[in-house]
Amino acid sequence: MGGFQYKDIFATKGIEYLVILAFLALLVLYIRLLNKQAKGAKQKESDEGKLMSLVGFFTVIADYYYHWGHTWIKIEKIDGEELAWVGINDFAKKLLGKVDEFKMPMPGTELVQGETGWKVKISDKEIEIISPVNGIVQEINEALVKSPKELTCGSFSHNWLLKVKATKFESSVNNLLSGNMATTWMYEEIKQLQEEIPEDLWANFTAEKIQTQGFARLVNENNWDSFARKFLNPSK
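Residues numbered from 1 in each chain as written. Predicted model: local features only at pLDDT ≥ 70, side-chain atom pairs only at ≥ 80, totals over all residues. Heavy atoms only, no water.

A. Local environment of the packing of aromatic side chains. All told, the structure shown has eight aromatic pairs when counted by the stated rule. Between tyrosine 66 and tryptophan 185, the aromatic rings sit 6.5 Å apart at their centres with planes inclined by 40°, giving tilted as the arrangement. Within this pair, whereas tyrosine 66 is found in strand S1 (residues 65–67), its partner tryptophan 185 is found in helix H5 (residues 179–196), the two being separated by 119 residues in sequence. Residue classification places tyrosine 66 among the buried residues on the basis of a relative accessible area of 1%. Measuring from centroid to centroid gives 5.4 Å for phenylalanine 91 and phenylalanine 231, while their planes differ by 50°, and the two rings are tilted. Residue phenylalanine 91 is located in helix H2 (residues 90–96), and its partner phenylalanine 231 is located in helix H8 (residues 224–232); the two are separated by 140 residues in the primary sequence. (Phe/Tyr/Trp six-rings, centres within 6.5 Å; stacked < 30°, edge-to-face > 60°. Helix = DSSP H or I, 4+ residues; strand = E, 2+ residues; numbered from the N terminus. Buried < 20%, exposed > 50% of the residue type's maximum accessible area, 1.4 Å probe, protein only.)

In structure tokens, the structure reads:
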């Protein structure tokens, strides 16, 4: 007669229970991971959608040359010499909103690319705007200087600020962006702008508010100049 063999069924079942619990724990973690990825994908899709709508909000003109300080030049040849029409781009206009005063250089002033060309005053604060070109100031847009708030109205052709007789023209143009390169750069600048603005502020933005107050003052009314300088003059 064989001897009686005792089996601890509770120990056996205990191992099974542990296996089941471990499986359930892994399943919960997996579901949470899937939900997190889904939320992340949805957030990324939302951010990209917002970014693409912003890209369409800013104008980049094909035959203009753009400087990283958000100024532009348009070249016109007169008697074999390059005359540069100079202004601030659409991004800068919407960043600043309506301007109270332009502090412009006098005709005959020499401008150096990458250095301060003129200043913009809003309330009691000023911000330096970078010259996009080397050259001698020939003319300033007196109508715009007298009515600076008109900068956000009308076409680009009416929003020039200076006419400059370009010197070192080739080297100036080599440091500027145009065409697809300008569009790509603008995309990156808009992406940075989106990242700088808190999520809860976006719902309060309207085209009218942006035109009058600008992104900088809507984001930080007291220190708008510091915010704007990140884009217009980041070296300061």
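B. Quick peek at the sheet that holds strand S7 (residues 125–130). Spatial ordering of the open sheet is given by S4-S6-S7, a layout of three strands whose pairing is antiparallel. Of all strands in the sheet, those with a lone pairing partner are strand S4 (101–103) and S7, marking the two edges. Across the sheet, the mean angle separating the axes of adjacent strands is 25° when strand polarity is ignored. Pairing between strand S6 (residues 116–122) and S7: six bridges, direction antiparallel. (Pairing = 2+ DSSP bridges. Axes fitted to C-alpha atoms, helices over the stretch in contact; angles between N-to-C directions.)

C. Looking closely at unusual backbone geometry. With a phi close to 65°, histidine 70 is a non-glycine residue in the positive phi region. For histidine 70, the position within the fold is in the loop between S1 and strand S2 (71–78). By relative accessible area, which is 1% here, histidine 70 ends up buried. For serine 123, which is not glycine, the phi torsion reads 55° and is therefore positive. Tracing the sequence through the fold places serine 123 in the loop between S6 and S7. A relative accessible area of 51% places serine 123 in the exposed class.

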